Amino acid sequence: MVYVTRRAHFSASHRLFNPAFSDEKNEAVFDKCNNVNGHGHNYRLEVTVKGIPDPETGYVIDLKVLAGLLEREIIDKVDHRHLNYDVDFLRGIIPTAENVAVIFWRILEPHILSGTLHSVKLYESDNNFVEYLGEPVAIAGGGEVWREAAS
Ligand code: NI
């Protein structure tokens, strides 16, 4: 098995809070990330596809195709946006890196036609990142669409 990774970047703002919590609890749980007007990150996204290289092309997946897919399905929709308010597919969820990575997986997976999606890594900074490998998870605060998809 060979693992092929494409990296992409986007800048976005978000606010971490749970509307079911009191202000005090949001402050205690999310601290600075609960800032009412949000805060920004320069995100790095790494998407890995695994497979056997095609005998005729030597490719697991054409990286141009993977790059275009990330650009079209993800980057175009989240870059320079506020993740809480501006992105349809994130509406109603708490936009932690964990939740966002899971949703990115669900968006990308049906479009991977060559090889198999292996991992979605989402970096909020050089030191903080999450990795999702596709195991079933339900998303806290998830909107109806995504709750259904998780069950
Ligand atoms: Ni943040």
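Treat the numbers as computed from the prediction; the structure is a model and nothing was measured. (Residues numbered from 1 in each chain as written. Predicted model: local features only at pLDDT ≥ 70, side-chain atom pairs only at ≥ 80, totals over all residues. Heavy atoms only, no water.)

### Section: the overall build of the protein
- The helix and strand inventory of the protein stands at 4 helices and 5 strands.
- Seen in sequence order, the protein has helices and strands lined up from the N terminus as β-α-β-α-β-α-β-β-α.
- A principal-axis box enclosing the C-alpha atoms of the protein has dimensions of 60 × 30 × 25 Å.
- Taking the contacts inside the protein whose residues are at least 6 apart along the sequence as the reference set, 69% of them involve residues at least 24 apart. (Helix = DSSP H or I, 4+ residues; strand = E, 2+ residues; numbered from the N terminus. Contact = heavy atoms within 4.5 Å.)

### With respect to helix H3 (residues 97-108)
- Between its first and last C-alpha, H3 extends 16 Å over 12 residues, near the 16 Å set by a 1.5 Å rise per residue.
- Across the 12 residues that make up H3, a large majority, 11, are buried. (Expected span 1.5 Å × (residues − 1). Buried < 20%, exposed > 50% of the residue type's maximum accessible area, 1.4 Å probe, protein only.)

### What to know about the packing of aromatic side chains
- Per the counting criterion, the structure on display carries 6 aromatic pairs.
- Seen from their ring centres, Phe10 and Tyr43 are 4.7 Å apart, and the 10 degrees between their planes marks the pair as stacked. Here Tyr43 lies in strand E2 (residues 39-51) and Phe10 lies in strand E1 (residues 2-14), a separation of 33 residues in the sequence.
- By relative accessible area, which is 2% here, Phe10 ends up buried.
- Where Phe10 meets Phe104, the ring centres are 6.1 Å apart and the plane angle is 65 degrees; that geometry is what we call edge-to-face. Residue Phe10 is found in strand E1, and its partner Phe104 is found in helix H3; the two are separated by 94 residues along the sequence.
- Taking relative accessible area as the criterion, Phe104 reaches 0% and is therefore assigned buried.
- Put simply, the rings of Phe10, Tyr43, Phe89 and Phe104 touch in pairs and so form one group of aromatic residues. (Phe/Tyr/Trp six-rings, centres within 6.5 Å; stacked < 30°, edge-to-face > 60°.)

### A short note on the nonpolar core
- Counting 37 residues, the largest nonpolar core has Phe10, Ile74, Val78, Phe89, Leu90, Phe104 and Leu122 as the members making the most contacts within it.
- Secondary-structure elements contributing two or more residues to this core are E1, E2, helix H2 (63-78), H3, strand E4 (116-123) and strand E5 (129-132).
- It is H3 that contributes the most residues to this core, 9 residues altogether.
- Sequence-distant contacts of Ile74, defined by excluding residues within four places in its chain, comprise Leu45, Leu69, Phe104, Ile107 and Leu108. (Core = buried A, V, L, I, M, F, W, Y, C linked by side-chain atoms within 4.5 Å.)

### A word on the confidence of the model for the protein
- On average, residues of the protein carry a pLDDT of 92, and 92% of them reach 70 or more.
- In this model, residues 143-151 is a region of pLDDT below 50 whose contacts with residues beyond four sequence positions or in other chains number 12 contacts. (pLDDT = per-residue confidence, 0-100.)

### Section: unusual backbone geometry
- Residues other than glycine seldom take positive phi values, yet Asp31 does so here, at roughly 55 degrees.
- Along the chain, Asp31 turns up in the loop between helix H1 (23-30) and E2.
- Not every positive phi belongs to a glycine, and His80 is a case in point at roughly 60 degrees.
- Relative to the elements of secondary structure, His80 occurs in the loop between H2 and strand E3 (81-82).

### Focus on the side chain of His14
- Note on placement: His14 falls in strand E1.
- Overall, His14 belongs to the buried group, its relative accessible area being 1%.
- A polar contact of 3.2 Å, which involves the side chain of His14, links it to the side chain of His41.
- Contacts of His14, omitting those with residues within four sequence positions, involve Gly38, His39, His41, Tyr43, His82, Leu83, Asn84, Pro95 and Glu124. (Polar contact = N/O pair within 3.5 Å; in protein donor to acceptor, adjacent residues only side chain to side chain.)

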